[in-house]
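Residue-level structural notes
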Amino acid sequence: MSSIEDVVALIDALYSRQHSSQLGVNEIQSKLQEIQKSSDGLPLANELLSNPLYSSNVRYFGALTLTVQSNLESAKLNRHELLRINLLHLTMLAHRYVENPSQCAGNYITIKKLMSNLSLLFHDINEAETDSLVTETAGLIAEWWNPINTLVQLLSQGNQIEEWTHIDEQSRDGLIMQSLNAQLPYQDLITFISSNPRYNQLLLTFTEIIVEDLTKLQTRRHSTPRINEIVHKHLYITTMSLLNVNLTSTPVDQIDDTIFKTVTAWVTYVSLTRSGNISMDLSELFQNLINLMYQSNDDTDSFNVAERIISIWSYIFSNDTTLMNYELREQIEATFLGVTRSGNADVSKNQWLLQYMNHLVTNEMITELKELSICIVDFLQISSLDLCNKLFTKTANNEAIIQQYIKVLLQLTNFPLLPVLQESFSIRMVDFWLDLADSYLNLPNEALAPNAINVAVDIFQQVINIYLPKISLLNKQKIIEDGNDETLIHEFEDFRSAVTDLSQSLWSILGNEHLTNILISGIGSNDASGIVTNGTDFSSYYQIEAMCSLLNKLLVDMDLSISPWIVNILTKNPFFIQNILLLFKTGLTMDQQNPNNGPLKLDFIRSSSNLIGSTCGYFNRDPKELNSCIETLFQGLETCTAKNTANKNNNVPEKIKEIDDKFEVIVIKTIATVCDVCRKQLPNYLVHFFNVFNNLLQYESNVSQFTRGKLARCIGYIIECQYELGPETQAKYIVQFLDMINGYVDTCLSSDPSSITSQQVDYIHTMLECISEFGSSMINNNEEENEQLLQQLPHYQQFWAADPSGCRTRVMGLIEKILTNSIYSTNSSFIEVACLLLGKTLILKEVEPHFLKFSMADIIQFVLKHLNEHNYVSSLPFFVYLLEKLVSHYKDNLSANEFDYLFKEIFLKYYSQYIASDPDLLQSMINFIISVLDVKPSLVVNSSEWMNFILPTFVKLLPSNEKFTIFAVTKFWTKVVNNRKYTQQDLQLTRQQIIMIGSELVYQTMFGLYNTQRSDLNSYTDLLRALVAKFPIETKAWLIETLPKICNNPTVHEKFINKLFITRGSRAAGNVILTWWLDVTSLPSY
Amino acid sequence: MAVPGYYELYRRSTVGNSLVDALDTLISEGRIEASLAMRVLETFDKCVSEILKDQTGSKLTVKGDLDTYGFCDDVWTFIVKNCSVNVEGISNNTVNGEGNKNNDTIKVDKLRIVACNSRKSD
């Protein structure tokens, strides 16, 4: 770069929108960055900032160059120079700005940058570890107390500043150094800022920038670096004087936003740096803010100042409440609520808040109203424990005041506008009531006042009564009608969800008597069938829906099959089930074409279906309404299929299709829940279920795969519970089920292979999934029922071992028919579902009968046959899944030779062709060996491939680059070294083998560790720990031998070995290994 | 920008581990200084913490046998065995698990919950 003009041209080119320069932006940037970092940086910055003819961009670049120079390693040595240049130019630019604000407004950004540079220097000078003698001798600056005072001293030179460019550097430097730690009396400061409002603005901005930067530079919260002490002694005092004068002497309509920015920056900084030694009290500042807030009103400033102050309170109450002392908080309490817990403070100030709220509501300032609600509720949450004690404990006094207090809180919760759309108080208050309920529940019984329970029940019942209309879908409907804003709808749903969670917490206080029974009675005491809807107005059902939604949350975990309470309460509320079903039916009939109805329809169906699912245990006690329940649900399913058909034929919007899909899932899930819970009541429905299933299985039927699978499960539940009829009857139904599936598969397979669609492939897949679902539902985990089954167990075992009805043959035949079809054999998802079917009963105990209990030979034959015929790479993981289960189940029937055969046929034959180059397959293979080591290690350690292939191959995989391989192979070696399942012979054998290959094993492990990424270090830790624990002497020798081969760092290696062998515990060993890795790789510890 | 007062525990998440590995690579190749990597991680701590607080609408329900619990240094640790984990509201399609047909609930043998105070004040 030849001259300063060239640099200026480049800077102008960089900032101009139309680049006239021949260089690209990146090239310009890199050239300029190079200069900024070079030794020419300082003189360049000085020149760019000195010449008044340059543009403001060029001057800003000059300030930026000083920032770059301040961050260089060499900045320590240039600190004095940097300080001098920054202060000089800040003073000159600030002086020009004050003298001619409109013309020099473009300099303001440069002024702020210079202030930021000085704040960094302020930090560095005061935090530098310097020897005072060295500092003095070298003429370095040891301390800089107060940048504000320095700036005031320099700016006080007035018009002489303009002469600075003409005086010699030494005199100028002396002037700056004199002002550095000069004291500034309070009166001089006030006189200075009064002389020109621009001075005031500059000083406020400077102190704001300093503390903002210091906040960023803090490394730990509440730590006490030296800088904070200096700020406390000097800058804090000056700033508080500045702020308090501004807050008390400026009329509210003339107050500048800068002051609030400065206050916010200081509040954040003080909150962060508070500690035992340093306590920067902000009480006077807060008191002045409170006073100023009261002056803000509609006439003076349209509550603008109030808004800014409320946001400062919000920050304090949500982050660091104790910044504000008790007396000030009491004033805020009186203002916010019009009542205080102590009964002291001036409650008349509440009028101001009511005016402010009125202003926000009248002007529909929803965001500001939300801000206020957050602030007030955060404030309330601070004292919820104290309020709880005053309300419910024996220490309670001033009962009238506390009752008044609660009344205000309930009124605030019941804010008379629409939640989400117009108000947020009710939403935010959910958290408060939750806190209060938690506090109450945590009180020890002996501390409770005699009437505490009654008081709690009274308050929390009112809370529920307030929230029921608040969460009504009527409000959601209004949100939808207002513009269908998705965000607002989600916000409303979150609110509903929070209220249902609250009701669950309140149940612990209110119990069934005061909550569950009331809700049940609300839903079921009157016949709702008389409610008339005109097809568009469903508002009469909204309250029932809201109660259903809360009640579901309370009942979802209760087992109603054994509860006499539910029978009693439902007897008293005879319309309960009927009204829920009515809600469901109303949902069904809602016109979805009306865009406003879609979400509401789904809510109706969801709330009613969920409640049916939660309460259906009741039908085991009293099944008389089960019939209408099942009928209604099937009616719903029928509507779904009709809608799906209509959607398919017409061009229906995606949104409506999505709602219909969800609708179908909700209904079928509820049907499955009812069938699961009430299976004993349903044998008479079996024929009906078969008929429906038969209809839905048809290819043309428009239902999802999920629905078909769930319905297959339902049929399974009903057949499973009829065990007293004997296996022959069950087998008859199972055959009927399988034949039905078989028939549909045959029909589909017989179609022209050239015109097979993806839907047909999915359809065939669903058929197999249906059998899988059906098989799962035939496994009953209910221990109590199994005891009854025990009497018939031998008969069942014999029957299913022989399988005279040929169920397994049918299933296997069906699988073979599909897998041998060329269309389906290429799709690995069919292998997946077939493996799932064959492995279904491998989790069952040997004695438990099941129609899908395939023999070991059947499964092995299946695997070996299809391994060859299908895509090995995509199918292997599914075969491995099946094999792992097989080995685990038949471990006692397998020999090492058989294992060898399986291993050779399934893995070895394909190792070099597929597995070696595919990390996923490698992981599958290693995991299979690990699973065998987990269940019966002798199978694998006595295998001929153990020494021939497994150990030599797996040791070479240790330094792999693949995370999955590393994870699997280190787990394998850890298991080999340390395995509790070993027999004595296994143990001896593996010890000899490890001693033989130990040196290589440790070398590969350490080589892998050396080259691995930090996130994979833990994988090696367990292996090294196992080696150290099981082979301490040998491992030490192996490490001494191998570590120098990996890298030459003997001190680090020695320290590592010494530490590793005296370390106990996984975390400590992990740290030792990490330290070694960091030392040898020279990477930092984060 | 140094960011005080945020937990570093998210660095052990998958995304955190990947970031650390990437930073290690950049340092090894001499493309960045270690101090910059530290700053990046501090910013990561801040961002993850704030995003999890402000922008996640999902809720996790855990049900199982509480095996062990402890409270030390303001950190709760729970080990829950045989538990079902229900994730609600992952996206708009899976509100209440409806979009998530086959996996309403995730079954876990052993779950370790580490719960820290969201208002860190060390």
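Every value quoted in this text rests on a predicted model; they were computed, and no experiment measured them.

All names here are of chain A. Tallied over the entire structure, the rule returns one cavity of 30 Å³ or more. As for the largest cavity, its lining consists of Val-1052, Lys-1055, Phe-1056, Lys-1059, Val-1072, Thr-1075, Trp-1076 and Asp-1079. The set of elements that each furnish at least two residues to the lining of the largest cavity consists of α51 (1050-1060) and α52 (1066-1081). Looking at side-chain class alone, the lining of the largest cavity contains four nonpolar, one polar and three charged residues.

So, on to unusual backbone geometry. Residues and elements named next belong to chain A. If you check the backbone angles, Glu-364 has positive phi at about 50° while not being a glycine. Along the chain, Glu-364 falls in the loop between α18 (350-362) and α19 (366-382). Given a relative accessible area of 65%, Glu-364 falls into the exposed group. In the Ramachandran plot, Val-420 falls in the positive-phi region, its phi being about 70° despite a non-glycine side chain. Of the residues examined, Val-420 reaches a relative accessible area of 5% and is grouped as buried.

This part takes up the packing of aromatic side chains. Residues and elements named next belong to chain A. In total, this model carries 48 aromatic pairs over all chains according to the counting rule given. Above the plane of the ring of Tyr-733 lies Lys-732, whose end atom (NZ or CZ) is 5.0 Å from the centre. If you follow Lys-1045 out to its NZ or CZ, it ends over the ring of Tyr-1003, 6.0 Å from the centre.

Residue and element names in this part refer to chain A. Contact geometry for helix α46 (residues 944-956) and helix α48 (residues 984-1011): axes closest at 10 Å, N-to-C directions at 25°. Considering their axes alone, α46 and α48 lie roughly parallel with respect to each other. Crossing handedness for the pair α46 and α48: right-handed. Taken together, the residues of α48 that come into contact with α46 (itself represented by Trp-946, Met-947, Leu-951 and Val-955) are Gln-993, Met-996, Ile-997, Glu-1000, Leu-1001 and Gln-1004. In the contact of α46 with α48, the residues fall into seven nonpolar, two polar and one charged.

What follows deals with the side chain of His-89 of chain A. Residue and element names in this part refer to chain A. Within the secondary structure, His-89 is located in helix α5 (residues 75-99). Here the side chain of His-89 touches Asn-46 through a polar contact of 2.6 Å, side chain to side chain. Beyond its immediate chain neighbours, meaning those up to four positions away, His-89 contacts Asn-46, Leu-49, Ser-50 and Leu-114.

A word on a positive patch on the surface. A cluster of basic residues, Arg-1067 of chain A together with Arg-12, Lys-110 and Arg-112 of chain B, forms a positive patch on the protein surface. Within the fold, Arg-12 of chain B resides in the segment before α1 (14-28).

All names here are of chain B. Per-residue confidence for chain B gives a mean pLDDT of 79; residues scoring 70 or more make up 79%. Predicted confidence in chain B is weakest over helix α2 (residues 34-54), with a mean pLDDT of 87, and strongest over α1, with 94. Counting interchain partners and residues more than four positions distant, the pLDDT-below-50 stretch residues 91-103 has 23 contacts.

Residues and elements named next belong to chain B. A grouping of Leu-66, Tyr-69, Phe-71 and Trp-76 is seen on the molecular surface, where their side chains present a nonpolar patch of about 470 Å² in accessible area. Examining the composition of the nonpolar patch, we find that three residues originate from one element, strand β1 (residues 59-72), more than from any other. Mapped onto the fold, Tyr-69 is located in strand β1. We classify Tyr-69 as exposed; its relative accessible area is 58%.

A word on helix α38 (residues 807-819) of chain A. Residue and element names in this part refer to chain A. Here α38 contains 13 residues, and its C-alpha end-to-end distance of 18 Å stays within 8% of the 18 Å for a straight helix at 1.5 Å per residue. Along α38, the positions that sit buried rather than exposed are Cys-807, Arg-808, Val-811, Met-812, Leu-814, Ile-815, Glu-816, Ile-818 and Leu-819. Structurally, α38 contributes buried residues whose contacts are with α34 (727-749), α35 (758-777), α37 (793-802), α39 (822-825), α40 (828-838) and α41 (856-869).

Okay, the nonpolar core next. One broad rule of soluble globular proteins: the nonpolar side chains tend to lie buried together. All names here are of chain A. Membership of the largest hydrophobic core comes to 368 residues, with the highest contact counts inside it found for Trp-313, Phe-392, Trp-433 and Phe-972. With 13 residues, helix α25 (residues 486-524) is the largest single contributor of residues to this core. Apart from the residues within four sequence positions on either side, Phe-392 is in contact with Tyr-440, Leu-443, Ala-447, Leu-448, Ala-449, Ala-452, Val-455, Ala-456, Ile-459 and Phe-460. Core analysis: the second largest hydrophobic core is formed by 14 residues, Ile-11, Leu-14, Ile-28 and Leu-32 among them.

Attention shifts here to the pattern of salt bridges. This structure, assessed with the given rule, holds 31 salt bridges over all chains. Between Arg-84 of chain A and Glu-81 of chain A there is a salt bridge; the shortest N-O distance is 3.0 Å. With Arg-84 of chain A and Glu-81 of chain A both in helix α5, this residue pair falls three residues apart, about one helical turn. Classification of Glu-81 of chain A as partly exposed rests on a relative accessible area of 29%. With its nearest N and O atoms 2.6 Å apart, the salt bridge here joins Arg-11 of chain B to Asp-45 of chain B. Placement of Arg-11 of chain B in the segment before α1 and of Asp-45 of chain B in helix α2 is noted, with a sequence separation of 34 residues between them. One exposure class covers both Arg-11 of chain B and Asp-45 of chain B, and it is buried. Look at the salt bridges and you will find they share partners, linking Lys-476, Glu-493, Asp-603 and Arg-606 of chain A into a network.

Reading the values: rules and limits
Residues numbered from 1 in each chain as written. Chains lettered and ligands numbered in written order. Predicted model: local features only at pLDDT ≥ 70, side-chain atom pairs only at ≥ 80, totals over all residues. Heavy atoms only, no water. 1 Å grid on protein atoms, 1.4 Å probe; cavity = no way out; pocket = protein on both sides within 12 Å on 5 of 7 lines; lining within 4 Å. Points joined across faces, edges and corners; volume = space filled by probe spheres on them. Helix = DSSP H or I, 4+ residues; strand = E, 2+ residues; numbered from the N terminus. Nonpolar A, V, L, I, M, F, W, Y, C, P; charged D, E, K, R; others polar. Buried < 20%, exposed > 50% of the residue type's maximum accessible area, 1.4 Å probe, protein only. Phe/Tyr/Trp six-rings, centres within 6.5 Å; stacked < 30°, edge-to-face > 60°. Lys NZ or Arg CZ within 6 Å of the ring centre and 35° of its normal. Axes fitted to C-alpha atoms, helices over the stretch in contact; angles between N-to-C directions. Parallel < 35°, antiparallel > 145°, perpendicular 65-115°, else oblique. Left-handed = near helix turned anticlockwise from the far one by under 90°. Contact = heavy atoms within 4.5 Å. Polar contact = N/O pair within 3.5 Å; in protein donor to acceptor, adjacent residues only side chain to side chain. Patch = residues over 30% accessible without salt bridge, like charges linked within 9 Å, V, L, I, M, F, W, Y side chains within 5 Å. Areas by Shrake-Rupley, 256 points an atom, 1.4 Å probe, with all protein chains shown as cover. Salt bridge = Lys/Arg side-chain N within 4 Å of Asp/Glu carboxyl O. Lys, Arg positive; Asp, Glu negative; His and termini not counted. Charge placed at Lys NZ, Arg CZ, Asp CG, Glu CD. pLDDT = per-residue confidence, 0-100. Expected span 1.5 Å × (residues − 1). Core = buried A, V, L, I, M, F, W, Y, C linked by side-chain atoms within 4.5 Å.

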